[in-house]
Amino acid sequence: LSLLYVGTIFLFRLCFVEFRIPMQASQEVFILDEIVLWMFVVDIVVNFFLSYRDRRNREVLQWRRVVVHYWKGFFWIDLCACIPWTWILSNPTAPEETPNGP
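What you are looking at is a predicted structure, and each value in this text was computed from that prediction instead of being measured.

Rules behind the numbers
- Residues numbered from 1 in each chain as written.
- Predicted model: local features only at pLDDT ≥ 70, side-chain atom pairs only at ≥ 80, totals over all residues.
- Heavy atoms only, no water.
- Helix = DSSP H or I, 4+ residues; strand = E, 2+ residues; numbered from the N terminus.
- Buried < 20%, exposed > 50% of the residue type's maximum accessible area, 1.4 Å probe, protein only.
- Contact = heavy atoms within 4.5 Å.
- Phe/Tyr/Trp six-rings, centres within 6.5 Å; stacked < 30°, edge-to-face > 60°.
- Arc of directions from axis to C-beta.
- Core = buried A, V, L, I, M, F, W, Y, C linked by side-chain atoms within 4.5 Å.
- Salt bridge = Lys/Arg side-chain N within 4 Å of Asp/Glu carboxyl O.
- Disulfide = S-S within 2.5 Å.

A. Spatial organisation of the overall build of the chain. Scanning the chain from terminus to terminus reveals five helices and two strands. Listing each helix as α and each strand as β along the chain from the N terminus yields α-α-β-β-α-α-α. Relative to its 102 residues, the chain shows a buried fraction of 22%. When contacts within the chain are restricted to residue pairs at least 6 apart in sequence, long-range pairs at least 24 apart make up 53% of them.

This is how it looks when you write it as structure tokens:
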């Protein structure tokens, strides 16, 4: 469900933030954003403790090997999923651009 949200609703909202189109957002939308963000954070933590199957289809349970495998694999994708892009892109301290220059 989190990926469905990120693939649809989040992209829709991101477009409004990026192009500065006014949008009425309810408090529920912001709460949903926070819930989804924290679901991805929890996913990262949990993945450090889940086993995986090696090339010989054996289950690897050693924690150090699991961490290294996750670090070299999907960790970076999961980390990018945890970045709160709406916080970054809706920075109220960013200078406003005018049509005639900065």
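Text resumes after the structure shown.
B. Up close: the packing of aromatic side chains. Counted by the stated rule, this structure contains seven aromatic pairs. Seen from their ring centres, Phe48 and Tyr70 are 4.9 Å apart, and the 90° between their planes marks the pair as edge-to-face. In this pair, Phe48 sits in the loop between α2 (27-47) and β1 (52-53) while Tyr70 sits in helix α3 (residues 63-72), placing the two residues 22 residues apart along the sequence. Here Tyr70 and Phe75 contribute two aromatic rings whose centre-to-centre distance is 5.7 Å and whose plane-to-plane angle is 80°, an arrangement assigned as edge-to-face. One aromatic cluster is present, built from ring pairs that chain together Phe48, Tyr70, Trp71, Phe75 and Trp76.

C. Region of interest: α3. Residues of α3 that are buried: Val66, Val67 and Tyr70. Down the axis of α3, the buried side of the element spans an arc of 100°, and every buried residue falls inside it. Every exposed residue of α3 that faces more than 90 degrees away from the buried side is listed here: Arg64 and Lys72.

D. Inspection of the nonpolar core at higher detail. Among the nonpolar cores identified, the biggest contains nine residues, and these are Tyr5, Val36, Phe40, Ile44, Phe48, Val67, Tyr70, Phe75 and Cys82. Among the elements of the structure, α2, α3 and α4 (75-82) are those that each provide at least two residues to this core. Each residue touching Cys82, except ones within four places of it in the same chain, is listed here: Leu37, Phe40, Val41 and Ile44.

E. Broad picture of the pattern of salt bridges. Tallying each qualifying case throughout the model produces one salt bridge. The partner of Asp54 in a salt bridge is Arg58, with the nearest N and O atoms 3.2 Å apart.

F. Representation of the state of the cysteines in the model. A full pass over the atoms with the stated rule returns zero disulfides. As a non-bridged cysteine, Cys80 has Cys82 as the owner of its nearest cysteine sulfur, 9.3 Å distant.

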